[in-house]
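The primary structure of each chain is shown beneath.
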Amino acid sequence: MPLNRVIQNRRTFGIISHPDAGKTTLTEKLLLFGGAIEMAGAVKAKGDRRRARSDWMKVEQERGISVASSVMTFEHGGLTYNLLDTPGHEDFSEDTYRTLTAVDSAIMVLDCAKGIETQTQKLFEVCRLRDIPIITFINKMDRDGQDPFDLLDEVESKLALEVTPASWPIGMGRDFKGCYNLLEDKLVLFERTKGEALTQAIECSGLDDPQIDALLPVEQAEKLREEVAMVRGVFPAFDLDNFLSGGMTPVFFGSAVNNFGVRELLAGLAKFAPCPRVQNTQTRDIKPDEKKVTAFVFKIQANMDPKHRDRIAFTRICSGKFKKGMKLKHLRSGKMLTIHSPQLFLAQDREVAEEAYAGDIIGLPNYGGLRIGDALTEGEDLTFTGIPSFAPEYMQRARAEDPLKAKHLGKALEQLAEEGAARIFKPYSDPDWVVGVVGPLQFDVLRDRIRTEYEIPVKFEETSLYTARWVSTEDPSKLKTFIDENQHSIARDHDDDPVFMARNAWHLGDAEEKYPDIKFTATK
């Protein structure tokens, strides 16, 4: 198959939502409809709570929240889908920001009772910065929630997006009977199931089909006809160009846990979502159908397989046809790397990737050489833009409960920092590491991970630190003077870059005033 045809058959998308809107369930149901898993929820034992396949990290399974981004590849209807599941919990938003640099479109999941919540809004803003097209899925229609018209108004007003319903719900809560597919003029009814197996849709053609009256109570059939007429009168028709530029969102209604509406959502993704898009670098734009391979690392994950101490660099292919065994230039170090065993993923199940194309996400076994944001090419010097690192908002001192394990703790923290799970700082004037995170729940997760993955009991202690800023300047002698004069407030991060550790807002402001030539930056 020609390269451009293969690329046109790729859909690389993320799923964004507020915690508990049903994102992990939807992820699993897309895999179920895509034929990638036979049964939703990996059943561990009778009576054991069913786990979503995508929440594989031990901490996630214990707490029932997603804290790492999972990558899953599946094929359906002749297309290859790369699904990137992201943490919904706000304390892990940095991982989500980075994951969104690797997608071409996103599904925004809303809870029908709660509408747009704070985390959804933040993640939407990240999508907007990158003009990522968004498909909206309003979930949990089998429970009582807000009126569908009110939900659409909220999306329109809070996110400044044009909305166009792609399906319309019939009833809500106990009275929920299914959805009317507005794009194809079909009624899709589902039986209530626990959602483990697929049920076949009953399809009707058009609103005048007598089957509608046979299958629905009289008042619901009348209400459906009235509301659909109103929807078609009030909302604009779907405009593909407006959608692709991030200005319009098609809206699907459903209940992921009961398999309602998921098939239509997948069909919408196939029909509307863009194939791999142009990627920006500092020097030029990279088109997906270029012959030479270019790629960037957007995430590093340690210990995906507890049986092996492994680290995987999740890498987005931006152009060309990648083949196993290829030599690629690692631009930060200037070295040529031979890629021996690249991986493809279904949550934590993996297989060796013999080849991969633009839009695909592959995992490269990483022995410490690759970092987030690194570019890989067939020789061209490129730097990808827009893969952020944020200054921490919470900082604590890390100590091993057993002082003899202090050195091992340092190693564990360095691995976790390279993965992007936290910032770590080694102060000039203190033997202990300082760990910085974006949200306080990350400390609990780090403590659990260091205990379970590295077998080091660790305690985090409060510090009097307010924030950290990376410091830089054009003139190396001025930087040296600044560091020498502020030794008590200087640390090095895991890349060995200097960092100013401010005790409070005044301390930071005072340093900025006294040293006008030094740049204090909150992102890197």
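Cut-offs applied
Residues numbered from 1 in each chain as written. Predicted model: local features only at pLDDT ≥ 70, side-chain atom pairs only at ≥ 80, totals over all residues. Heavy atoms only, no water. Helix = DSSP H or I, 4+ residues; strand = E, 2+ residues; numbered from the N terminus. Buried < 20%, exposed > 50% of the residue type's maximum accessible area, 1.4 Å probe, protein only. Contact = heavy atoms within 4.5 Å. Areas by Shrake-Rupley, 256 points an atom, 1.4 Å probe, with all protein chains shown as cover. Phe/Tyr/Trp six-rings, centres within 6.5 Å; stacked < 30°, edge-to-face > 60°. Lys NZ or Arg CZ within 6 Å of the ring centre and 35° of its normal. Pairing = 2+ DSSP bridges. Axes fitted to C-alpha atoms, helices over the stretch in contact; angles between N-to-C directions. pLDDT = per-residue confidence, 0-100. Salt bridge = Lys/Arg side-chain N within 4 Å of Asp/Glu carboxyl O. Core = buried A, V, L, I, M, F, W, Y, C linked by side-chain atoms within 4.5 Å. Expected span 1.5 Å × (residues − 1).

This brings us to the overall build of the protein. Looking only at helices and strands, the protein features 14 helices and 31 strands. Counting over 524 residues, the protein shows a buried share of 57%. Pairs at least 24 residues apart make up 71% of the contacts formed inside the protein by residues separated by at least 6 positions. For the protein, the exposed surface amounts to about 22,700 Å²; the carbon and sulfur share of it is 49%.

What follows is about the packing of aromatic side chains. Under the counting rule described, the total for this entry stands at 16 aromatic pairs. Ring geometry for phenylalanine 243 against phenylalanine 272: centres 6.4 Å apart, planes inclined by 70 degrees, an arrangement best described as edge-to-face. Taken together, the residues phenylalanine 243 in helix α9 (residues 240–244) and phenylalanine 272 in helix α10 (residues 262–272) connect sequence positions 29 residues apart. Grouping residues by exposure puts phenylalanine 243 and phenylalanine 272 together as buried. Grouped by ring-pair contacts, the aromatic residues Phe149, Trp168, Phe235 and Phe253 constitute a single cluster. Across the ring face of tryptophan 433, the terminal group of lysine 426 is positioned such that the distance to the ring centre comes to 5.3 Å.

Another point: the pairing of strand β9 (residues 186–189). As defined by bridge partners, strand β8 (residues 178–181) adjoins β9 across 4 bridges and the pair is classed as antiparallel. Across the sheet, tyrosine 180 pairs through a bridge with leucine 187, a residue of β9. The loop that links β8 with its antiparallel partner β9 comprises 4 residues; one of these, aspartate 185, has a positive phi angle of about 55 degrees.

The subject of this paragraph is the sheet that holds strand β30 (residues 498–502). Strands sit in the order β27-β24-β26-β25-β29-β30-β28-β31 across an open sheet of 8 strands; the sheet is antiparallel. Looking at strand neighbours, the two that pair on one side only are β27 (458–462) and β31 (519–521), the edges of this open sheet. Across this sheet, the average inter-strand angle for adjacent strands is 40 degrees, counted without regard to direction. Bridge count between strand β25 (residues 423–427) and strand β26 (residues 433–437): 3 bridges; the pairing is antiparallel. Opposite isoleucine 424, over in β26, you have valine 435 as the bridge partner.

The next thing to look at is the confidence of the model for the protein. A residue-level look at the protein finds 86% of positions with pLDDT of 70 or above and a mean pLDDT of 84. The model gives residues 64–69 a pLDDT under 50, and that stretch makes 32 contacts with residues more than four places away or in other chains.

Phi at alanine 160 takes a positive value of approximately 50 degrees, unusual for a residue other than glycine. Tracing the backbone shows alanine 160 in the loop between α6 (148–159) and β6 (162–165). At aspartate 185, a position not held by glycine, the phi torsion is positive, near 55 degrees. Mapped onto the secondary structure, aspartate 185 falls in the loop between β8 and β9. Classification of aspartate 185 as partly exposed rests on a relative accessible area of 30%.

Our focus in this paragraph is the pattern of salt bridges. In the structure shown here, the tally under the stated rule is 24 salt bridges. For arginine 232, the salt bridge is made with aspartate 185, and the minimal N-O distance between the two is 3.2 Å. You can see arginine 232 sitting in helix α8 (residues 218–234) and its partner aspartate 185 sitting in the loop between β8 and β9, a full 47 residues away along the chain.

For the rest of this paragraph, the subject is the nonpolar core. Ile138, Trp168, Tyr180, Leu187, Leu224 and Phe253 are the most contacted members of the largest nonpolar core, which has 61 residues in total. Sorting elements by how many residues they give to this core places α6 first, with 5 residues. Membership of the second largest hydrophobic core comes to 26 residues, among which are Leu31, Ile135, Ala166 and Leu266.

With 14 residues, helix α12 (residues 441–454) extends 19 Å from end C-alpha to end C-alpha; this agrees with the ideal 20 Å at 1.5 Å per step. Burial analysis of α12 places 10 of its 14 residues in the buried class, which makes it a mostly covered element. Three or more residues of α12 are buried, namely Leu441, Gln442, Phe443, Val445, Leu446, Asp448, Arg449, Ile450, Glu453 and Tyr454. Trailing α12 by a residue or two, glutamate 455 shows a phi angle of about 55 degrees, which is positive.

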